[in-house]
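Examining the three-dimensional arrangement
Here is what each chain is made of, one letter per residue.
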Amino acid sequence: MHPFLKACRREPTDFTPVWLMRQAGRYLPEYRKLRARLGFLELCKNPEAAAEVTLLPVDRLGVDAAIIFADILLPLEPMGVGLEFSKGEGPVIRNPLRSGEDVRRLGAVDIQAAVPFVFEAIGLVRRALDGRVPLIGFAGAPFTLASYLVEGGPSSDYLHAKRLMHDDPAAWRGLMEKLVSITVGYLNGQIAAGCEAVQLFDSWVGTLSPEDYRASVLPYTRAVLQGLTPGIPVIHFGTGTAGLLELMREAGGDVIGLDWRVDLGEAWRRLGHGVAVQGNLDPAVLLARPAEIGRQAQAILELAAGRPGHIFNLGHGVLPETPPGHVADLVRIVRRRP
Ligand code: CP3
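Notes on the structure follow. Quantities reported herein were computed from a predicted structural model and do not represent experimental measurements.

1. Examining the site of the ligand
Residues in contact with the ligand amount to 23 residues; listed here are only the nearest, R22, R26, Y31, S203 and H316. For the ligand, an oxygen atom lies 3.1 Å from a polar atom in the backbone of A24. At 2.5 Å, a side-chain N or O of Y31 approaches an oxygen atom of the ligand. Protein chains shield 88% of the accessible area of the ligand, which is 850 Å² for the free molecule. Secondary-structure elements contributing two or more residues to the shell around the ligand are α2 (29-37) and β3 (90-93). Of the residues that constitute the shell around the ligand, the class distribution is 15 nonpolar, four polar and four charged.

Okay, here's the thing in structure tokens:
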């Protein structure tokens, strides 16, 4: 079994496996070249191009896992919410959901019809990888998906989402239940197409109090995790989650993703060593000199103390400003290759 999959199961490995979120992305010149020809959604919907972008960092960086090139918002497009990716702003939802009426009006999603291109790209990547490294699939967790649908795009305070959660619990439940079913279908479809592990991104859940997470989010995240095809390791990831780690563990996942705002050793003790962890270098460190990158990566490896079940990653995605050479240096440092 590949060291990445062993680490997900907390089995010993000869080295700490490493992969990076947004390892295919705007910091790579080859990606920017493709994006000059194709819009982001066009690229996602072209299985050959998406497969090519997925494979780029595997050859270039020597990471221990590939992550399929796609997006957490793709399965929401057929709901009729007006999904667009505008230049420099990230995703936009033209028709955000603000009331129970908006939620009830949402179109149903037939996942096979919605994202056939993602499943096709997964097949192409598996064939091209030929067993070199495992392929990770992914989806957004219900809260993070709801935050885009209700806010209409990225947000710093999530006031519309929180107002719906607090003032109209029935509408919130209706929305979260729809998102559970879409997310289970999206992830199980990726597993059926050939993904060997999956990551659930609850990227923005750190905005919530523990009380709101427990009451209004945890049951739905747990329902997603319990609905997945058994035997496939699941990474449960969020940012700003220092106040929620024990609750995220309760929701489930074989691996808990940590961001850089927590000390990895302390976070792992709080979670208990019966679960694997992934993380947690600050992506901004990759802008620094290689000596500083090495020092900070080493410090994280020391906190993990060689315990089985540590997967090295950034605490969030690679920033567009990152020099590609620094990313390759990091992978070499973690893998202890000269
Ligand atoms: O890691 C990988 O290389 C796999 C591909 C991947 C993308 N999106 C491609 C992408 C993954 C794993 C995602 C997940 C995703 N998408 C998340 C969760 C991860 C996270 O960042 O917390 C979220 C919140 C989204 C929604 C989304 N899509 C945002 C916020 C943005 C724009 C901002 C940004 O950081 O780039 C996107 C667009 C997007 N998705 C890009 C890529 C490579 C950039 C598109 C471009 O301009 O070329």
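2. Details of the packing of helix α15 (residues 290-304) against helix α16 (residues 324-335)
It is at 10 Å that the axes of α15 and α16 come closest, and there the two elements cross at 40°. Taken together, the axes of α15 and α16 lie oblique to each other. Like other packed secondary-structure pairs, α15 and α16 cross with a definite hand, here right-handed. For the pair α15 and α16, contact is made by P290, I293, G294, A297 and L301 and by H326, D329, L330, I333 and V334, respectively. Residue classes in the contact of α15 with α16 are distributed as seven nonpolar, two polar and one charged.

3. Overview of the pattern of salt bridges
Applying the stated criterion across every chain yields a total of 15 salt bridges. Here R104 and E101 are joined by a salt bridge, their closest N and O atoms 3.4 Å apart. One end of the pair, R104, and the other, E101, are both in helix α5 (residues 100-105), three residues apart, so they sit about a helical turn from each other. Via salt bridges that share partners, E101, D102, R104 and R105 belong to a single interconnected network.

4. Considerations on helix α12 (residues 218-226)
Of all the positions in α12, only L218, Y220, T221, V224 and L225 are classed as buried. With its buried residues spanning 170° around the axis, α12 presents them on a single face.

5. Focus: the packing of aromatic side chains
This model, assessed by the stated rule, comprises seven aromatic pairs. Measuring from ring centre to ring centre gives 6.4 Å for F143 and Y158, while their planes differ by 55°; the resulting arrangement is tilted. Placement of the pair is F143 in helix α8 (residues 142-151) and Y158 in the loop between α8 and α9 (159-167), with a sequence separation of 15 residues. For the pair formed by F143 and Y158, the shared burial category is buried. One aromatic cluster in this structure is built from Y31, F40, F69 and F85. The aromatic ring of W268 is capped on one face by R307, whose charged end is 5.3 Å from the ring centroid. One Lys or Arg, R335, reaches over the ring of F15 and ends 3.8 Å from the middle of that ring.

6. Here's the deal with the packing of helix α10 (residues 169-193) against α12
Here α10 crosses α12 at 25°, and the two axes come no closer than 9 Å. Classified by the angle their axes make, α10 and α12 are roughly parallel. When you trace α10 past α12, the crossing you get is right-handed. Facing R173, M176, E177, V180, T183, V184 and L187 of α10, the residues of α12 in contact are Y220, A223 and V224. When the residues that make up the contact of α10 with α12 are grouped by side-chain class, the tally is seven nonpolar, one polar and two charged.

7. Notes on the nonpolar core
In globular proteins that are soluble, nonpolar side chains generally tend to be buried together. One finds F4, W19, L175, Y213 and L330 to be the most contacted residues of the largest nonpolar core, which totals 132 residues. It is α10 that provides the largest number of residues to this core, a total of 11 residues. In this structure F4 touches P17, W19, D64, A65, P134, I136, A197, I235 and I311, once residues within four positions along its chain are discounted.

8. Some points on the layout of surface pockets
One number sums up the size of the largest pocket: a volume of about 1,500 Å³. As for the largest pocket, its lining consists of 48 residues, of which R22, R26, D71, G90 and P91 are closest to the centre. The set of elements that each furnish at least two residues to the lining of the largest pocket consists of α2, α3 (40-44), β2 (83-86), β3 and α8. In terms of residues, the lining of the largest pocket owes the most to one element, α2, which gives four residues. Grouping the constituent residues of the lining of the largest pocket by class yields 26 nonpolar, 12 polar and 10 charged.

Criteria and cut-off values
- Residues numbered from 1 in each chain as written.
- Predicted model: local features only at pLDDT ≥ 70, side-chain atom pairs only at ≥ 80, totals over all residues.
- Heavy atoms only, no water.
- Near = heavy atom within 4 Å.
- Polar contact = N/O pair within 3.5 Å; in protein donor to acceptor, adjacent residues only side chain to side chain.
- Areas by Shrake-Rupley, 256 points an atom, 1.4 Å probe, with all protein chains shown as cover.
- Helix = DSSP H or I, 4+ residues; strand = E, 2+ residues; numbered from the N terminus.
- Nonpolar A, V, L, I, M, F, W, Y, C, P; charged D, E, K, R; others polar.
- Axes fitted to C-alpha atoms, helices over the stretch in contact; angles between N-to-C directions.
- Parallel < 35°, antiparallel > 145°, perpendicular 65-115°, else oblique.
- Left-handed = near helix turned anticlockwise from the far one by under 90°.
- Contact = heavy atoms within 4.5 Å.
- Salt bridge = Lys/Arg side-chain N within 4 Å of Asp/Glu carboxyl O.
- Buried < 20%, exposed > 50% of the residue type's maximum accessible area, 1.4 Å probe, protein only.
- Arc of directions from axis to C-beta.
- Phe/Tyr/Trp six-rings, centres within 6.5 Å; stacked < 30°, edge-to-face > 60°.
- Lys NZ or Arg CZ within 6 Å of the ring centre and 35° of its normal.
- Core = buried A, V, L, I, M, F, W, Y, C linked by side-chain atoms within 4.5 Å.
- 1 Å grid on protein atoms, 1.4 Å probe; cavity = no way out; pocket = protein on both sides within 12 Å on 5 of 7 lines; lining within 4 Å.
- Points joined across faces, edges and corners; volume = space filled by probe spheres on them.

As far as function goes, none of this settles anything; it's purely spatial.
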